[in-house]
Amino acid sequence: MKSHSFWATVASLSLIACNAFAQDLEDAEDEASPGRMFKMQLQTGVRYGTRDLNLGFGARGGFLLPNHMWLGGSFDYFLGFSHLIEASTGTDNYRVWSLGGEVGYDFDLDEGFSLRPYLGLGLVHADETICALIDGERCFSPVNVNAKACTLGGLLRYTIGIFSVSGDVRRRSVVEGWHLFDSAAWSSVWVFGAEAGVVF
């Protein structure tokens, strides 16, 4: 009998807590800025990375929760560089891409503007392809590595209706497998980005 009373009490308290939580979410939605809260944000844009990462492109997507927490992810692809090999007829090409998750917090500034500091963790892949015309064209890849990296950055966003534009700056550092990147000097880089997208 006591066991039934205990579980009945737990069920009652759980129901009260669920109702209170639902009311908090409803209140937060009512106070939210239009086009931001309870919405999925998808953006795409251009990138520029230091240390010969050069021009690139990427995408970012995720959710902004009622408490202003951001949960999302991003993908970046950098064109790196391509140059002729001295004393040989051939080319040397570097490419880098990264994929990872992000967590951040949005601070409301002025009408439509928000500032988001964020932290990311993910995978970085770098590869090098050398092609030389020696007894016919031959290509090989002396560098083809994966490593784990963390990112610390900040993003300034402007939202109007369902559209948004943003710019961000981040510092990406390889935290595991960094020795594999020494030859390319890509163990730690600055990345600058500009994006445009929609809010669902």
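Fair warning: this is a prediction, and the values are worked out from it, not measured in the lab. (Residues numbered from 1 in each chain as written. Predicted model: local features only at pLDDT ≥ 70, side-chain atom pairs only at ≥ 80, totals over all residues. Heavy atoms only, no water.)

Along its length, the chain carries one helix and nine strands. Element order for the chain, N to C, with α for helix and β for strand: α-β-β-β-β-β-β-β-β-β. Across the 200 residues of the chain, 34% fall into the buried class. Pairs at least 24 apart in sequence give 57% of the contacts found in the chain among residues at least 6 apart. (Helix = DSSP H or I, 4+ residues; strand = E, 2+ residues; numbered from the N terminus. Buried < 20%, exposed > 50% of the residue type's maximum accessible area, 1.4 Å probe, protein only. Contact = heavy atoms within 4.5 Å.)

Moving on to the nonpolar core. Among the nonpolar cores identified, the biggest contains 11 residues, and these are Leu 53, Phe 78, Val 96, Val 124, Ala 126, Val 145, Ala 147, Ala 149, Val 174, Val 189 and Val 191. For this core, the secondary-structure elements that each account for two or more residues are strand E6 (113–133), strand E7 (137–160) and strand E9 (188–199). Sorting elements by how many residues they give to this core places E7 first, with three residues. (Core = buried A, V, L, I, M, F, W, Y, C linked by side-chain atoms within 4.5 Å.)

Turning to a nonpolar patch on the surface, a few remarks are in order. A surface patch of nonpolar side chains, amounting to about 790 Å² of accessible area, comprises Met 40, Leu 42, Phe 63, Leu 65, Leu 71, Val 103, Leu 119, Leu 152 and Phe 200. With respect to the helices, strands and loops of the structure, Leu 119 is situated in strand E6. (Patch = residues over 30% accessible without salt bridge, like charges linked within 9 Å, V, L, I, M, F, W, Y side chains within 5 Å. Areas by Shrake-Rupley, 256 points an atom, 1.4 Å probe, with all protein chains shown as cover. Salt bridge = Lys/Arg side-chain N within 4 Å of Asp/Glu carboxyl O.)

Now for unusual backbone geometry. For Asp 52, which is not a glycine, the phi torsion comes out positive at approximately 70°. Among the secondary structure elements, Asp 52 is positioned in the loop between strand E1 (40–49) and strand E2 (54–64). One non-glycine residue with positive phi stands out, namely Asn 54, at about 60°. The class of Asn 54 is partly exposed, set by a relative accessible area of 24%.

Moving on to the confidence of the model for the chain. Looking at the chain as a whole, the pLDDT averages 78, with 66% of positions reaching at least 70. Element-level mean pLDDT values for the chain span from 48 in helix H1 (residues 2–31) up to 96 in E1. Below pLDDT 50 for its whole length, residues 20–25 participates in two contacts with residues either more than four positions away or in separate chains. Contacts of residues 28–36 to residues separated by more than four positions or lying in other chains number 15 contacts, the stretch itself having pLDDT below 50. (pLDDT = per-residue confidence, 0-100.)

Attention now goes to the packing of aromatic side chains. A full pass over the atoms with the stated rule returns four aromatic pairs. With a centroid separation of 4.7 Å and an interplanar angle of 45°, the aromatic rings of Phe 113 and Tyr 158 are classed as tilted. Taken together, the residues Phe 113 in strand E6 and Tyr 158 in strand E7 connect sequence positions 45 residues apart. Residue classification places Phe 113 among the partly exposed positions, given a relative accessible area of 35%. The positively charged end of Arg 60 is found above the aromatic ring belonging to Tyr 118, 5.3 Å away from the centroid. (Phe/Tyr/Trp six-rings, centres within 6.5 Å; stacked < 30°, edge-to-face > 60°. Lys NZ or Arg CZ within 6 Å of the ring centre and 35° of its normal.)

In this section: the side chain of Asp 106. Within the secondary structure layout, Asp 106 lies in the loop between strand E4 (90–105) and strand E5 (107–108). Only 2.6 Å separates the side chain of Asp 106 from the side chain of Arg 116, close enough to count as a polar contact. (Polar contact = N/O pair within 3.5 Å; in protein donor to acceptor, adjacent residues only side chain to side chain.)

So, on to the side chain of Ser 188. Along the polypeptide, Ser 188 turns up in strand E9. A polar contact of 3.0 Å, which involves the side chain of Ser 188, links it to the side chain of Arg 171.

With that out of the way, let us pick up the environment of Asn 54. Topologically, Asn 54 is positioned in strand E2. When the C-alpha atoms of Asn 54 and Leu 79 are compared, they prove to be 6.5 Å apart, with 25 residues separating the residues in sequence. A distance of 2.8 Å separates a polar side-chain atom of Asn 54 from the backbone oxygen of Gly 80.

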